[in-house]
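Architecture at a glance
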Amino acid sequence: TEMTEHLGHDKHQSVGNAKGNTRNGRSRKTLKGEFGELPLDVPRDRDGSFEPKLVPKHQTRWSGFDDKILSLYARGMTVREIQAHLEEMYGTEVSPSLISSITDAVTDEVKAWQGRPLDTVYPIVYMDCLHVKVREGAVRVKAVYLAIGITLNGEKEVLGLWLAQTEGAKFWLQVVTELRNRGVQDIFIACVDGLKGFPEAIETVFPKTTVQLCIVHMVRHSLNYVSWKRRAEVAADLKLIYACPTLDEAEQRLAEFEAKWDGEYPPISQAWRRNWPRLIPFFDYPPEIRKVIYTTNAIESVNMGLRRLTKHRGAFPTDEALMKLLYLALRNISRKWTLP
């Protein structure tokens, strides 16, 4: 494939480059690695300008083999799938124990990353939870807690990953306490879902932090009470509330929503009234900042990427296997965060 790209034409096709350069047989080389020896046939071209990328010239040892295994593992492939993939691609059999030992080497890296010092101030921190199956004799559903901070430079940073038996405000208290112990002195705005007791847990450790409940979570929760036929209409009326330019107008829209829908769906307006103080902090800020803080989209997109991997894997054999995969996946995701 690399040779085809270099020449501009495939085998047995007419020449696709100005120089008239074509294939010129193959040369043999033996590549050594942790797996033993691997014989290769490297294609040649007539003018000798082809430079292989996968295995460069003069390379006799495959030093990047571990990285390739970690890359496959980080994309959700199981040990057996990686073994089959390597055999299919390179014609060499790698034992599952070797693959496991290579991925196990990440465990110390995870511990160091999880305990690293953090910045003293984060303008915004998003906190959310996803649920994953782990096999402990029987298959159990465990809660994975995730915190993402926006730094003073405006860049996203994964602050940590935590694993617990269930999602609850009590464990979130441990999470924010750990953030404090790792050097965080203040969080301006914490964006969270509507879990009961969650805002109080944050304010216990960071009393000056403004807690903003995620509007998107609130709308989803509200629509659970609504029949499918009416959902679009109810969602449009809810949007009129949080899209208002001022708080006074939003309160007026909420009163109009109550008058229109309380006959059919009274729990919706009751929930909004009950959580109103936590839903309205974003009105204190200009529109550019409102969009960033009234939804936990920044962390939802990360969760979506993680769910895609965990869904493919089904149940994990151990907590360590789960944490390894999530750490490697987050490392891949965060590499794409280039813009502040």
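Use the structure listed above.
First, a word on what this report is: a plain description of the structure on this page. Every value quoted in this text rests on a predicted model; they were computed, and no experiment measured them.

Our focus in this paragraph is the overall build of the protein chain. Secondary structure assignment for the protein chain yields 14 helices and seven strands. The C-alpha atoms of the protein chain give 27 Å as radius of gyration, which overshoots the globular expectation for 340 residues (20 Å, by more than 25%). In the protein chain, which comprises 340 residues, the share counted as buried stands at 44%. A separation threshold of at least 6 residues defines the contact pool for the protein chain, and within that pool the share at least 24 residues apart is 58%. Charge centroids of the protein chain, computed over 47 positive and 43 negative side chains, lie 4 Å from each other.

Attention now moves to the side chain of Q83. Mapped onto the fold, Q83 is located in helix 3 (residues 79–90). We classify Q83 as buried; its relative accessible area is 13%. What Q83 contacts, discounting residues up to four positions off in sequence, is E93, V94, S95, P96 and I99.

This part covers a positive patch on the surface. On the surface, R75, R308, R335 and K336 cluster together into a positively charged patch. One can find R308 in helix 13 (residues 297–313).

Time to look at the side chain of T103. Mapping T103 onto the fold places it in helix 4 (residues 96–104). Take T103: its relative accessible area is 0%, and that puts it in the buried class. Within the structure, the side chain of T103 is placed 2.9 Å from the backbone oxygen of S100, a separation counted as a polar contact. Beyond its immediate stretch of four places on either side in the chain, T103 contacts I69, L70, Y73 and K324.

Now for the nonpolar core. Soluble globular proteins: nonpolar side chains tend toward being buried together. Formed by 94 residues in total, the largest nonpolar core has its most connected members in M127, V234 and W272. Sequence-distant contacts of M127, defined by excluding residues within four places in its chain, comprise L146, A147, W172, V176, L179, C191, V192, D193, F198, I202 and I299.

On to the pattern of salt bridges. If charged atoms from side chains of opposite charge come close, those side chains can pair. The full count for this structure, using the stated rule, is 15 salt bridges. One salt bridge connects D104 with K324, and the closest N-O pair in it is separated by 2.8 Å. Placement of D104 in helix 4 and of K324 in helix 14 (residues 319–335) is noted, with a sequence separation of 220 residues between them. The exposure class of K324 is buried, given its relative accessible area of 7%. One salt bridge in this structure joins R331 and E109, with 2.7 Å as the shortest N-O distance. Separated by 222 residues along the polypeptide, R331 in helix 14 and E109 in helix 5 (residues 106–114) bring together distant segments of the chain. Among the residues examined, E109 registers a relative accessible area of 34% and is labelled partly exposed. A network of salt bridges, in which partner residues are shared, links R230, E233, D237, K260 and E264.

This next bit is on the sheet that holds strand 7 (residues 210–213). One open sheet holds the five strands; their spatial order is 5-4-3-6-7, and the pairing between them is mixed. Only two strands of the sheet have a single partner each, and these edge strands are strand 5 (156–164) and strand 7. Averaged over all pairs of adjacent strands, the angle between their axes in this sheet comes to 25°, without regard to strand direction. Summarising the sheet, strand 3 (residues 121–136) and strand 6 (residues 186–192) pair through five bridges and their orientation is parallel. Its bridge partner lying in strand 6, Y126 is registered against C191.

The next subject is the packing of aromatic side chains. Summed over all chains, the structure comprises six aromatic pairs. Summarising the aromatic geometry, the rings of F257 and W261 are spaced 6.4 Å apart at their centres and angled 40° between planes, so their arrangement reads as tilted. Of the two residues, F257 and W261 are both situated in helix 10 (residues 247–261); the distance of four residues between them amounts to about one turn of the helix. What makes F257 buried here is its relative accessible area of 3%. Linked through ring pairs, Y145, F171 and W172 together constitute an aromatic cluster. Here the basic side chain of R231 rests over the ring of W228, its NZ or CZ set 4.3 Å away from the ring centre.

Reading the values: the criteria
- Residues numbered from 1 in each chain as written.
- Predicted model: local features only at pLDDT ≥ 70, side-chain atom pairs only at ≥ 80, totals over all residues.
- Heavy atoms only, no water.
- Helix = DSSP H or I, 4+ residues; strand = E, 2+ residues; numbered from the N terminus.
- Rg over C-alpha atoms; globule rule 2.2 N^0.38 Å.
- Buried < 20%, exposed > 50% of the residue type's maximum accessible area, 1.4 Å probe, protein only.
- Contact = heavy atoms within 4.5 Å.
- Lys, Arg positive; Asp, Glu negative; His and termini not counted.
- Charge placed at Lys NZ, Arg CZ, Asp CG, Glu CD.
- Patch = residues over 30% accessible without salt bridge, like charges linked within 9 Å, V, L, I, M, F, W, Y side chains within 5 Å.
- Areas by Shrake-Rupley, 256 points an atom, 1.4 Å probe, with all protein chains shown as cover.
- Salt bridge = Lys/Arg side-chain N within 4 Å of Asp/Glu carboxyl O.
- Polar contact = N/O pair within 3.5 Å; in protein donor to acceptor, adjacent residues only side chain to side chain.
- Core = buried A, V, L, I, M, F, W, Y, C linked by side-chain atoms within 4.5 Å.
- Pairing = 2+ DSSP bridges.
- Axes fitted to C-alpha atoms, helices over the stretch in contact; angles between N-to-C directions.
- Phe/Tyr/Trp six-rings, centres within 6.5 Å; stacked < 30°, edge-to-face > 60°.
- Lys NZ or Arg CZ within 6 Å of the ring centre and 35° of its normal.

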